[in-house]
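# Structural description and commentary
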Amino acid sequence: MAEKTLDNLFYDTLKDIYYAERKILKGLKKMSKGAQAPELKAAFDKHYEETEGQIERLQQVFEIIGKRAQGKTCDAIEGILAEGEEILEEYAGTDALDAGLISAAQAVEHYEITRYGTLKRWATLLGYDDAARLLDETLQEESKTDESLTALADAKANAKAQGAAA
Ligand code: FE
Ligand code: FE
Ligand code: FE
């Protein structure tokens, strides 16, 4: 069996997040449709656009390493997005929907943060400095999205779910 190294891990993990980002695009569309508060809808729409840019960045990273842009099934994101769908169905029309959608979306962002954090470090170690910069840009966007979602939960969604005046 051929030896595997950090190069293999980097390429495989890139394929994992490439697959995930394209699924996330569809998930964000559904969550935006479902969101009750206009500011939450706007947050999902904003991140939808950012995600399109993140997919382009990943394509640039594939180019930098001279490999074909290709996805590899990410079971984790399938599961995380399935939980989001569950919230959409089971909490539809309730005061707890937005808080639930925020929690589901934050699970997505946290998955992405682990992936981009790892990929950025591996890119640097492998000498792909331009790739590391691109991956860091996306990492910052994911972190900011996570923080904005926390702010939206704190500002209104959690209190609404709790039954306080919305
Ligand atoms: Fe993303
Ligand atoms: Fe994965
Ligand atoms: Fe994201």
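Structure report, in brief. What you are looking at is a predicted structure, and each value in this text was computed from that prediction instead of being measured. (Residues numbered from 1 in each chain as written. Chains lettered and ligands numbered in written order. Predicted model: local features only at pLDDT ≥ 70, side-chain atom pairs only at ≥ 80, totals over all residues. Heavy atoms only, no water.)

### Considerations on the overall build of the chain
Spelled out, the test is: By the criteria applied, helices consist of DSSP H or I runs no shorter than four residues and strands consist of E runs no shorter than two, each listed in order from the N terminus. Accessible area is worked out with a 1.4 Å probe on protein chains only. A residue is then buried under 20% of its type maximum, exposed over 50%, and partly exposed in between. Only the protein chains shown count as cover for residues, and the accessible areas themselves come from Shrake-Rupley with a 1.4 Å probe. Under this rule, positive means Lys or Arg and negative means Asp or Glu; His and the chain ends count for nothing. We put the charge of a Lys on NZ, of an Arg on CZ, of an Asp on CG and of a Glu on CD.
Along the backbone of the chain there are five helices and zero strands. Written out in order from the N terminus, the α and β elements of the chain read α-α-α-α-α. Based on the C-alpha atoms only, the size of the chain along its principal axes is roughly 60 × 30 × 20 Å. Evaluated residue by residue, the chain yields a buried proportion of 43% over its 166 residues. With an accessible surface of roughly 8,800 Å², the chain has 50% of that area assigned to carbon and sulfur atoms. Counting 21 positive and 32 negative side-chain charges, the chain places the averaged centre of each group 4 Å from the other.

### Digging into the coordination of the iron ion (ligand 2)
For the record, the criterion: Shown as donors are all N, O and S atoms within 2.8 Å of a metal ion, widened to 3.2 Å for Na, K and Ca; because water is not in the atom set, sites may appear incomplete. In this scheme the shape depends on donor count and angles: four donors with every angle between 85 and 135 degrees give tetrahedral, four or six donors with opposite pairs above 155 degrees and others between 65 and 115 give square planar or octahedral in turn, and any other case is irregular.
Bound to the iron ion (ligand 2) are the protein donor atoms Asp 16 (OD), Asp 16 (OD), Cys 74 (SG) and Tyr 111 (OH), situated 1.9 to 2.6 Å from the metal. Each of the four donor atoms around the iron ion (ligand 2) contributes to a set of angles spanning 54 to 123°, which defines the coordination as irregular. All donors of the iron ion (ligand 2) come from a single chain, and their spacing in sequence reads D-x57-C-x36-Y. Of this pair, Cys 74 sits in the loop between helix 2 (38-64) and helix 3 (75-90) while Tyr 111 sits in helix 4 (residues 97-125), and the two are 37 residues apart along the sequence. No difference in accessibility class separates Cys 74 from Tyr 111, as the two residues are buried.

### What to know about the packing of aromatic side chains
Worth spelling out the cut-off: Aromatic rings from Phe, Tyr and Trp, with only the six-membered ring used for Trp, were paired whenever their centres fell within 6.5 Å, and each pair was classed as stacked if the ring planes differed by under 30 degrees, edge-to-face if by over 60, and tilted otherwise. Only when the NZ atom of a Lys or the CZ atom of an Arg is both within 6 Å of the ring centre and within 35 degrees of the ring normal do we say a charge sits over the ring.
Scanning all chains against the criterion turns up three aromatic pairs. Seen in terms of ring centroids, Tyr 18 and Phe 62 are 5.3 Å apart; in terms of plane orientation they differ by 75°. Their pairing is edge-to-face. In this pair, Tyr 18 sits in helix 1 (residues 6-34) while Phe 62 sits in helix 2, placing the two residues 44 residues apart along the sequence. Overall, Phe 62 belongs to the buried group, its relative accessible area being 0%. Taken together, Tyr 11, Tyr 18 and Phe 62 form an aromatic cluster joined through their ring pairs. The side chain of Lys 29 reaches across the aromatic face of Tyr 48, ending 4.5 Å from its centre. The ring centre of Tyr 11 lies 4.6 Å from the NZ or CZ of Lys 67, which sits over that ring.

### Quick notes on the coordination of the iron ion (ligand 1)
Coordination of the iron ion (ligand 1) by the protein comes from Glu 21 (OE), Glu 21 (OE), Gln 54 (OE1), Glu 112 (OE) and Glu 142 (OE), over a distance range of 2.0 to 2.4 Å. Binding-site remark: the iron ion (ligand 1) is held by donors from one chain whose sequence spacing is E-x32-Q-x57-E-x29-E. Separating the iron ion (ligand 1) and the iron ion (ligand 3) is a distance of 3.1 Å, and Glu 112 donates to both of them. Residue Glu 112 is located in helix 4, and its partner Glu 142 is located in helix 5 (residues 129-162); the two are separated by 30 residues in the primary sequence. Looking at Glu 112, the relative accessible area reads 0%, which means it is buried. For Glu 142, a relative accessible area of 0% translates into the label buried.

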